[in-house]
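So you can see what is in the structure, the chains are spelled out below.
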Amino acid sequence: MKVVNTNNAPSAIGPYSQAIEANGFVFTSGQLPIDPATGAFAPGGVKEQTRQSLTNAQAILKEAGIDLSHVVKTTVYLADMEDFAAMNEVYAEFFSEPFPARSAISVKRLPKDALVEVECIAVK
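Residues numbered from 1 in each chain as written. Predicted model: local features only at pLDDT ≥ 70, side-chain atom pairs only at ≥ 80, totals over all residues. Heavy atoms only, no water.

Draft legend 1. Just the pairing of strand 5 (residues 101-106), in detail. As paired strands, strand 4 (residues 71-78) and strand 5 are joined by 6 bridges and run parallel to one another. Bridge pairing links Thr-74 to Arg-102 in strand 5. Considered for its hand, the β-α-β crossover made up of strand 4, helix 2 (residues 84-94) and strand 5 is right-handed. (Pairing = 2+ DSSP bridges. Helix = DSSP H or I, 4+ residues; strand = E, 2+ residues; numbered from the N terminus. Right-handed = clockwise from strand over helix to strand, strands pointing away.)

Draft legend 2. Molecular detail of helix 1 (residues 46-63). For helix 1, with 18 residues, the first-to-last C-alpha span of 26 Å sits near the 26 Å given by 1.5 Å per residue. Looking at helix 1, one finds that the buried residues are Val-46, Gln-49, Thr-50, Gln-52, Ser-53, Leu-54, Asn-56, Ala-57, Ala-59, Ile-60 and Leu-61. Of the surrounding secondary structure, the elements contacted by the buried residues of helix 1 are strand 1 (2-4), strand 2 (19-22), strand 3 (25-28), strand 4, helix 2 and strand 6 (116-123). Immediately downstream of helix 1, the backbone of Gly-65 shows phi near 90 degrees, a positive value. (Expected span 1.5 Å × (residues − 1). Buried < 20%, exposed > 50% of the residue type's maximum accessible area, 1.4 Å probe, protein only. Contact = heavy atoms within 4.5 Å.)

Draft legend 3. The arrangement of unusual backbone geometry in detail. The step from Glu-97 to Pro-98 runs through a cis peptide bond, and the omega angle for that step is -5 degrees. When you line up the elements, Pro-98 lands in the loop between helix 2 and strand 5. Residue Lys-112 is not a glycine yet carries a positive backbone phi of 60 degrees. Relative to the helices and strands, Lys-112 is located in the loop between strand 5 and strand 6. You will see that Asp-113, though not glycine, has its phi angle at about 65 degrees, which is positive. Turning to its location among the elements, Asp-113 is positioned in the loop between strand 5 and strand 6.

Draft legend 4. Representation of the pairing of strand 3 in the model. Side chains Val-26 and Thr-28 of strand 3 all project onto a buried face; the interleaved residues Phe-25 and Phe-27 project onto a face where none is buried. Sheet topology note: the strand 2/strand 3 ladder contains 4 bridges and is antiparallel. Paired with Ala-22 across the strands is Phe-25, a residue of strand 3. Following strand 2, the chain reverses through 2 residues before pairing antiparallel with strand 3; Asn-23 in that reversal takes a positive phi of roughly 50 degrees. Bridge count for strand 3 against strand 6 is 3 bridges, and the pairing is antiparallel. Bridge assignment links Phe-25 to a residue of strand 6, and that residue is Val-123.

What follows is the structure in structure tokens.
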């Protein structure tokens, strides 16, 4: 196993890694919409937060030597399923065919009251 860490994504705020590379896979931790330059959430709503969460995942994958085209599975956590269409609109800006498999889950609450959190599994 190899730890993947970059200053271009938010630092872990607990006992976990930004990502782990193992057996040809890269597993990112859930990415909140935190701008690593400011430490604050991206201003705006779920679209802006989705964009920041995916930008953070993109930065971590870049540090691992790959990009979003290597992602085979994502999990998207939403604080409100009513935001699904808006999240999906931004998500489509980051991925192209063949799209990764995906789960979208509505949760009661996300850390720091985020509207969205995204995690990825990618193949090197």
